[in-house]
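A structural walkthrough
For reference, the chains in residue letters:
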Amino acid sequence: MKFKGILLGLVLAPWAALTNASDMPDKLELTKVTDRVYSAIGATAPGTYENNGHNNNLSFIITEKGVVVFNGGDNYQLAKAFHNSIREITDKEVKYVANENAQGHSMLGNSYWRDQEVPIIAQNEAIKEFEHQGDAKLASMQRRNKEKAEGTYVAVPDIGFEDRYDLDMGDVTIELHYFGPGHAPGDIALWVPEEKLLITGDLGFHQRLLAVFEDTETGAWIESFDKMTEQLDPEVVIPGHGEPTTIDVVTKETRGYLVFLRNAVIEILEQGGGLDDAYNIDQSQWSYLDTFEELAGKNAGRVYQDLEFEYF
């Protein structure tokens, strides 16, 4: 199976009509990626009240032994809507949920899955981060989502791993890989070798500009991305943000951007420039990506502040 387009498959189970601004959807729109893999593609924008915090990709794999979900979701009600969509595709039970990292839109929906008694898996660093910052992440989501946050509580994953965790699901093996630091603590990727399908989590972005946060390690992110692409040879990629695509597209818009920005900041440092020069880096070649206006300057400033310690 060779993947050629940006958008794969069919769109199923459309958003339920909203009767007023406070309503949550009963179901999420699903993109069929392969016969066994579906994804609810999040908005290529920050999480907002209007998009219910659904600004990342929530995916699931149907197997002989049941369903494996990748990402808990931003909140209890969103995870519930996602589960309703899963039930429209298959009557098999959800057996595991894996969190892509420690961010709120990956882990806060764990509360719904915990109430369904589904085991939740994450990398050890993500678990540590959520144990220490879960309450703060919950409070932030509650301020944003208001009454839509109903039912959400901090549910720390109950299965941790260091580098790799395999799930024998009968007809397929699902591999969870930690390739090293990246966008957020405990970033993992999911690999289905029988499908040659890779879910990059937040190691891979496209269609929107990636965000550099205070805990983002851009140099390590490049190394982790390289390990992922060297070890795996995917034909289909579901990135952390954006529609299903190819590894070449994700490489350009993730690794390519990180290398570009770091090189631009290194040149400023070598010439004795300052933070203002970093903010003025010409990033216009990436302006076609969503969230460019919101993030480009912030990204440059954070990369400068990180790299200046390596040079001075």
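Residues numbered from 1 in each chain as written. Predicted model: local features only at pLDDT ≥ 70, side-chain atom pairs only at ≥ 80, totals over all residues. Heavy atoms only, no water.

**Things to note about the pattern of salt bridges**
Heads up, the condition is: The working definition used for a salt bridge is a side-chain nitrogen of Lys or Arg within 4 Å of a carboxyl oxygen of Asp or Glu.
Summed over the entire model, instances satisfying the criterion amount to 13 salt bridges. The structure contains a network of salt bridges with shared partners spanning Arg36, Asp171 and Glu195.

**Topic: the pairing of strand β3 (residues 37–40)**
As a reminder of what qualifies: The classification of residues rests on relative accessible area computed with a 1.4 Å probe and restricted to protein chains. Under 20% of the type maximum is buried, over 50% is exposed, and intermediate values are partly exposed. Each helix is a run of DSSP H or I of at least 4 residues and each strand a run of E of at least 2, with the numbering of both proceeding from the N terminus. Two strands qualify as a pair provided that DSSP identifies no fewer than 2 bridges between them.
Burial along β3 is two-sided: the face carrying Val37 and Ser39 and the face carrying Tyr38 and Ala40 are both buried. Alignment of strand β2 (residues 30–32) against β3, held across two bridges, turns out to be antiparallel. Paired with Lys32 across the two strands is Tyr38, which belongs to β3. Between β2 and β3, which pair antiparallel one after the other, the connecting turn spans four residues.

**Some words on the environment of Asn299**
What counts is decided by this rule: For this analysis, residues touch if any pair of their heavy atoms sits within 4.5 Å.
Its place among the elements puts Asn299 in helix α8 (residues 292–311). With 146 residues separating them along the chain, Asn299 and Tyr153 place their C-alpha atoms 31 Å apart. Here Asn299 is in contact with Leu209, Leu210, Ala211, Val212, Tyr257 and Leu261, once residues within four sequence places are set aside.

**Side note on the sheet that holds strand β9 (residues 164–168)**
To be explicit about the condition: Think of each axis as a best-fit line through the C-alpha atoms, taken over the contacting stretch in the case of a helix, with angles from 0 to 180 degrees between the N-to-C directions.
A sheet is described by the order of its strands in space; here five strands give the open sequence β9-β10-β11-β12-β13, paired in mixed fashion. At either margin of the open sheet sits one strand with a lone partner, and together these are β9 and β13 (236–241). Sheet twist, expressed as the mean angle between neighbouring strand axes with direction ignored, is 20 degrees. Pairing between strand β10 (residues 173–177) and strand β11 (residues 189–192): three bridges, direction antiparallel. Along β11, the bridge assignment pairs His177 with Ala189. The strands touched by helix α5 (residues 218–231) are β11 and β12 (197–205); relative to β12, the strand with the most contacts, the crossing angle is about 170 degrees. Seen against the sheet, helix α6 (residues 247–270) touches β12 and β13 and runs at an angle of roughly 10 degrees to β12.

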